[in-house]
Amino acid sequence: MPATSSPELEAGTPAKSEDVERRPEAPGAPSNRVQAGGDAAGLGRARATAFIVPAMLLIAAFLLFPAIWTIYLGLTDYRLTGLAAANPQFVGLDNLQNALSDDRFGNSMWLTVEYVIGSAVIGQVLLGFAVAWVMRERRGALRRLVESLLLLAWVLPGSVVAFLWIALLDRDSGTLNALLQTPGTGWLLEYPMASIIVFNIWRGAAFSMMLYAAAIGNVPPSHMETARLAGASTWQQLRDVVIPRIKGHILTNLLLISLWTFNDFTPFMLTAGGPDDKTEIMPVFIYKLALNSGELGFGAAISVLMLLFNLIIALFYVRMLRSRKDDAA
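A few points on the structure. (Residues numbered from 1 in each chain as written. Predicted model: local features only at pLDDT ≥ 70, side-chain atom pairs only at ≥ 80, totals over all residues. Heavy atoms only, no water.)

Of the regular secondary structure elements, the protein chain holds 17 helices and zero strands. Buried positions account for 33% of the 329 residues belonging to the protein chain. By sequence separation, contacts in the protein chain at least 24 residues apart represent 66% of the contacts at least 6 residues apart. Per element, the accessible surface of the protein chain, about 20,700 Å² overall, is 65% carbon and sulfur. (Helix = DSSP H or I, 4+ residues; strand = E, 2+ residues; numbered from the N terminus. Buried < 20%, exposed > 50% of the residue type's maximum accessible area, 1.4 Å probe, protein only. Contact = heavy atoms within 4.5 Å. Areas by Shrake-Rupley, 256 points an atom, 1.4 Å probe, with all protein chains shown as cover.)

Spelled out as structure tokens, the structure:
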């Protein structure tokens, strides 16, 4: 009796290429075909370019061109008025050399470091983390009230916040003097740097609180419960369980708030850099130098130095993040 082929015997037989090409695709299965000269989204190069060009034009107009123009101005003696305004001369790196040897620049740089460390690295990190840690298990009206107050301080316009703090710290009729029974104390005159540091901590702690609250919420409750059952105190749970797991969030927060605080101009609305230049941080110093004194070239050169300091801060934190990932691997 002749042997007959069965489907089981033919299952291992390779199918012909034309049969594979004609085989219909399953409904809903992703297609592996990409049109020649096209893309996975099926837009085509022309339409994809049309989507990208407006964004690139905006980036060029508001970021790239101002940066290039600032670098150019920093290499000239350009001024707002006078002969240097009509016919600026190329001075090369003289502005940078003059800035580095200028006592005003050194004073401004030191005040900026003090402002960043006091209000961002220490103040906002500690206050934001403390609020997030205390509120982690709270529910109800108290938590909503605390979060709302912090968020309100963060989203209010800087001019409104500055007016509120001037009213709070006023020497004659300030709210703080009325509460502390210290009439006549000029907080912005007697403690100018401490005043703007506390002001910036209050204004910016909401961002740190939200970031840390999300990070703490991602710590597995089983880890906390295990540590608790093992007899670990609250401080030990925080040190040995929570902080190691949210180290990346801490570094990211430090990077962002350090850069934001380094470039913060809002203290100008409180003190205008005074009294006696005691709160003349870098953004305020550049503003007064370039616009009040008219030395645009010199101010632009210091802006370039400020950009380099921002890059150094960013590279420092990025290096710390990379070393942490290498250690974890």
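Let's pick the thread back up.
All right, on to the packing of aromatic side chains then. According to the stated counting rule, one finds 14 aromatic pairs in the structure shown. Ring geometry for Phe262 against Phe309: centres 6.4 Å apart, planes inclined by 75°, an arrangement best described as edge-to-face. Taken together, the residues Phe262 in helix H14 (residues 247-262) and Phe309 in helix H17 (residues 296-328) connect sequence positions 47 residues apart. In this structure Phe309 comes out as partly exposed when scored by relative accessible area, which is 23%. An angle of 20° between the planes, with centres 5.0 Å apart, marks the rings of Phe265 and Phe268 as stacked. Residue Phe268 is classed as partly exposed on the basis of its relative accessible area of 21%. Taken together, the ring pairs connect Phe65, Trp69 and Tyr72 into an aromatic cluster. We note Arg136 situated over the ring of Trp133; from NZ or CZ to the ring centre the distance is 3.6 Å. (Phe/Tyr/Trp six-rings, centres within 6.5 Å; stacked < 30°, edge-to-face > 60°. Lys NZ or Arg CZ within 6 Å of the ring centre and 35° of its normal.)

Moving on, we come to the environment of Gly158. Residue position: Gly158 is located in helix H8 (residues 158-169). Taking the relative accessible area as the measure of exposure, Gly158 reaches 22% and is therefore partly exposed. When the C-alpha atoms of Gly158 and Phe265 are compared, they prove to be 9.3 Å apart, with 107 residues separating the residues in sequence. Not counting chain neighbours up to four residues away, the residues in contact with Gly158 comprise Thr266 and Met269.

Along the polypeptide, Ser119 turns up in helix H6 (residues 103-134). At 2.6 Å, the side chain of Ser119 and the backbone oxygen of Tyr115 are in polar contact. With residues up to four places along the chain from it excluded, the contact list for Ser119 reads Gln124, Ile197, Asn200, Ile201 and Thr261. (Polar contact = N/O pair within 3.5 Å; in protein donor to acceptor, adjacent residues only side chain to side chain.)

Attention shifts here to the side chain of Thr266. Tracing the chain through its elements places Thr266 in the loop between H14 and helix H15 (267-271). Polar side-chain contacts of Thr266 include one of 3.5 Å to the side chain of Arg203. If near-sequence neighbours (up to four positions away) are discounted, Thr266 is found in contact with Gly158, Phe199 and Arg203.

Looking now at the packing of helix H12 (residues 221-229) against helix H13 (residues 234-245). In contact at an axis separation of 10 Å, H12 and H13 are set at 160° when each is read in the N-to-C sense. Of the possible angle classes, the one that applies to H12 and H13 is roughly antiparallel. Between H12 and H13 the crossing geometry is right-handed. Seen from H12, the contacting residues are His223, Met224, Ala227 and Arg228; seen from H13, they are Gln237, Val241, Val242 and Arg245. When the residues that make up the contact of H12 with H13 are grouped by side-chain class, the tally is four nonpolar, two polar and two charged. (Axes fitted to C-alpha atoms, helices over the stretch in contact; angles between N-to-C directions. Parallel < 35°, antiparallel > 145°, perpendicular 65-115°, else oblique. Left-handed = near helix turned anticlockwise from the far one by under 90°. Nonpolar A, V, L, I, M, F, W, Y, C, P; charged D, E, K, R; others polar.)

Along an α-helix, a turn takes 3.6 residues, which lines up residues three or four apart on a common side. The terminal C-alpha atoms of H6, which comprises 32 residues, lie 44 Å apart, in line with the 46 Å expected from a rise of 1.5 Å per residue. Along H6, the sharpest kink reaches roughly 40°, centred on Gly123. You can read the cap of H6 off the contacts: a side-chain oxygen lies 2.9 Å from the backbone nitrogen of Arg104, and it is on Asp102. (Expected span 1.5 Å × (residues − 1). Bend = angle between axes of the 7 residues up to and from the residue.)

On to unusual backbone geometry. Here the bond from Gly274 into Pro275 is cis, since omega is -5°, no more than 30 degrees from zero. Its place among the elements puts Pro275 in the loop between H15 and helix H16 (282-292). In this structure, Gln181 takes a positive phi of about 60° despite not being glycine. With respect to the helices and strands, the residue Gln181 is situated in the loop between helix H9 (175-180) and helix H10 (187-190). Relative accessible area serves as the criterion here: at 64%, Gln181 is assigned to the exposed category.

With that settled, consider the nonpolar core. Counting 43 residues, the largest nonpolar core has Phe129, Trp133, Tyr212, Ile216, Val242, Ile246 and Ile302 as its most contacted members. Secondary structure elements with two or more residues in this core: H6, helix H11 (192-217), H12, H13, H14, H16 and H17. Excluding its chain neighbours within four sequence positions, the residues that come into contact with Ile246 are Phe129, Ala215, Ile216 and Val219. Residues Tyr115, Leu188, Met193 and Ile281 belong to the second largest nonpolar core, which totals 16 residues. (Core = buried A, V, L, I, M, F, W, Y, C linked by side-chain atoms within 4.5 Å.)

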